[in-house]
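Observations on the model geometry
One-letter residues, chain by chain:
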Amino acid sequence: MWGATVKEGVQNPVYSYEWVVNDHYSGIDFSHSECRDGCDSHGSYHVLLSDGPVEKLTYTVIGGNAGYVNTVEFERETHARPDAGVHAAAGADRECEDPTACPPPRQS
C-alpha cells in the first residue's frame, strides 16, 4: 500500500533474493533479483524475448508516496533461440504440428 507506515513494534521487512532460469534446450532465459529494506526496494529482471533481443528492466521503489521508477532497455544484439517447432527425429529434421508432442532429440 503506497504511503503505508510500519506499525510500532512491527519489524521492517528486510530481504534480498535472486533466481535464474536458463534452459539451453528450449531457449528459455530469464531472471529476477530484488533487495528490500523497509519501504524501499530495488531490483531488476531480464528476459530473452521470442524474437531474440533481451529486455532488461531495473526498478526502484522509494517508501512513502515517491512511487515506482523503472528503466527498460533492450539489448540490440539478438540471441539465437532454438525453434520450438523443429526437432531432430531419426537423424532428420521435421516440423511438428504440435511442438509439445515432439520427442526430444536423441542423445549421442
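Up top is the structure these notes are about.
Before going into details, it helps to say that this report is about the structure given with it. (Residues numbered from 1 in each chain as written. Predicted model: local features only at pLDDT ≥ 70, side-chain atom pairs only at ≥ 80, totals over all residues. Heavy atoms only, no water.)

1. Topic: the side chain of serine 31
Topologically, serine 31 is positioned in strand β2 (residues 28–37). Given the relative accessible area of 14%, serine 31 is considered buried. Reaching out from serine 31, the side chain makes a polar contact with the side chain of histidine 46 at a distance of 2.7 Å. Apart from the residues within four sequence positions on either side, serine 31 is in contact with Trp19, Val20, Ser44, Tyr45 and His46. (Helix = DSSP H or I, 4+ residues; strand = E, 2+ residues; numbered from the N terminus. Buried < 20%, exposed > 50% of the residue type's maximum accessible area, 1.4 Å probe, protein only. Polar contact = N/O pair within 3.5 Å; in protein donor to acceptor, adjacent residues only side chain to side chain. Contact = heavy atoms within 4.5 Å.)

2. As for the pattern of salt bridges
Taken as a whole, this structure holds one salt bridge when the rule is applied. The partner of glutamate 75 in a salt bridge is lysine 56, and the shortest N-O contact between them spans 3.2 Å. With glutamate 75 in strand β5 (residues 67–75) and lysine 56 in strand β4 (residues 54–62), this residue pair connects regions lying 19 residues apart in the sequence. Taking relative accessible area as the criterion, glutamate 75 reaches 24% and is therefore assigned partly exposed. (Salt bridge = Lys/Arg side-chain N within 4 Å of Asp/Glu carboxyl O.)

By themselves these figures say nothing about function.
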